[in-house]
Amino acid sequence: MKSFFSSFLKSLLAFSILLFSIHKLLDLFLIQSIEFYYPTWSVHLFFFITTLLIVLLVVYVKQDFPDKAGLVFLGGSFMKMMLSLFFLIPLIRNKEMFNLVNILVFFIPYFMYLAFETFIVLKVINKKGL
């Protein structure tokens, strides 16, 4: 369990730093004139924390109830989706800032983290012993 947690945390940190760096570079060089509603770091921090919590919850449930780990992942993904909507409510209410670019700045990392999370959870669920 400890070795999985340390390797998962290293992978998540590396993925997050890489994705954040790419996002920041694109902001600096391609999208200079657009002001974003949320800072880039807050979007990535939100996804880092939710991904960490979901994977840890799946691993915890997998130890005691291996047949329920997939359901925990589905429930966690649903909760992440709801939290994302709550996170976006201020942006949606701000008519001046509510545009396609601000939505994409949020949802492109959302789907990237979701793909990473799904890959890790599939490895956890398919693993015989943790």
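Residues numbered from 1 in each chain as written. Predicted model: local features only at pLDDT ≥ 70, side-chain atom pairs only at ≥ 80, totals over all residues. Heavy atoms only, no water.

## A short note on the environment of Ser42
Convention followed: Note on conventions: DSSP H or I runs of at least 4 residues are helices, E runs of at least 2 residues are strands, and numbering of each starts at the N terminus. Each residue is assigned to one of three classes by its accessible area relative to the maximum for its type, calculated with a 1.4 Å probe on protein chains only: buried under 20%, partly exposed between the two thresholds, exposed over 50%.
Inspection of the secondary structure assignment puts Ser42 in helix 2 (residues 40-64). A relative accessible area of 13% places Ser42 in the buried class. Note: C-alpha distance between Ser42 and His23 (19 residues apart in sequence) is 12 Å.

## Looking at the pattern of salt bridges
To keep things clear, this is the line we draw: Within this document, salt bridges are pairs made up of a side-chain nitrogen of Lys or Arg and a carboxyl oxygen of Asp or Glu, the two lying within 4 Å of each other.
Scanning all chains against the criterion turns up two salt bridges. Close ionic contact of Asp67 with Lys68 constitutes a salt bridge, the shortest N to O distance being 3.9 Å. Residues Glu117 and Lys80 are paired through a salt bridge, measuring 2.9 Å at the closest nitrogen-oxygen approach. Taken together, the residues Glu117 in helix 4 (residues 100-126) and Lys80 in helix 3 (residues 69-93) connect sequence positions 37 residues apart. Residue Glu117 is classed as buried on the basis of its relative accessible area of 0%.

## A look at empty space enclosed by the protein
It is the rolling of a water-molecule-sized probe over the atoms that shows where space remains empty. The criterion, for reference: A cavity, in this analysis, means grid points on a 1 Å lattice covering only the protein atoms where a 1.4 Å probe fits yet has no way out; a pocket is instead an open set bounded by protein on both sides within 12 Å along at least five of seven lines, and a residue lines either one if it has an atom within 4 Å of a point. Grid points are joined across faces, edges and corners, and a volume is the space filled by probe spheres set on the points. Residue polarity is assigned by list, with Asp, Glu, Lys and Arg as charged and Ala, Val, Leu, Ile, Met, Phe, Trp, Tyr, Cys and Pro as nonpolar; anything else, Gly included, falls into the polar class.
Following the criterion strictly, the structure yields one cavity of 30 Å³ or more and no others. Its volume calculated, the largest cavity comes out at about 30 Å³. In this structure, the largest cavity is lined by Phe36, Tyr38, Val43, Asn102, Val105 and Phe106. If one sorts the elements of the lining of the largest cavity by residue count, helix 4 sits on top with three residues. A breakdown of the residues in the lining of the largest cavity according to their chemical character gives five nonpolar, one polar and no charged.

## Let's talk about the confidence of the model for the chain
Note the threshold: You can read pLDDT as the predictor saying how much it trusts each residue, on a scale of 0 to 100.
Per-residue confidence for the chain averages 88 on the pLDDT scale, and 95% of its residues sit at or above 70. When pLDDT is averaged over each element of the chain, helix 2 comes out on top at 93 and helix 1 (residues 2-29) at the bottom at 89.

## Considerations on helix 3
This is how it is decided: Here, expected helix span is obtained from the residue count minus one, scaled by 1.5 Å. Fitting axes to the seven residues that end at a residue and to the seven that start at it, the angle between those axes gives the bend at that residue. Contact criterion: two residues are considered in contact whenever any of their non-hydrogen atoms come within 4.5 Å of each other.
Spanning 25 residues, helix 3 covers 36 Å between terminal C-alpha atoms, matching the ideal 36 Å at 1.5 Å per step. Its axis deflected by about 35° at Phe87, helix 3 carries its strongest bend there, up to four residues before the proline Pro90. Buried within helix 3 we find Ala69, Val72, Phe73, Gly76, Ser77, Lys80, Ser84, Phe87, Leu88 and Leu91. As for helix 3, its buried residues are in contact with helix 2 and helix 4.

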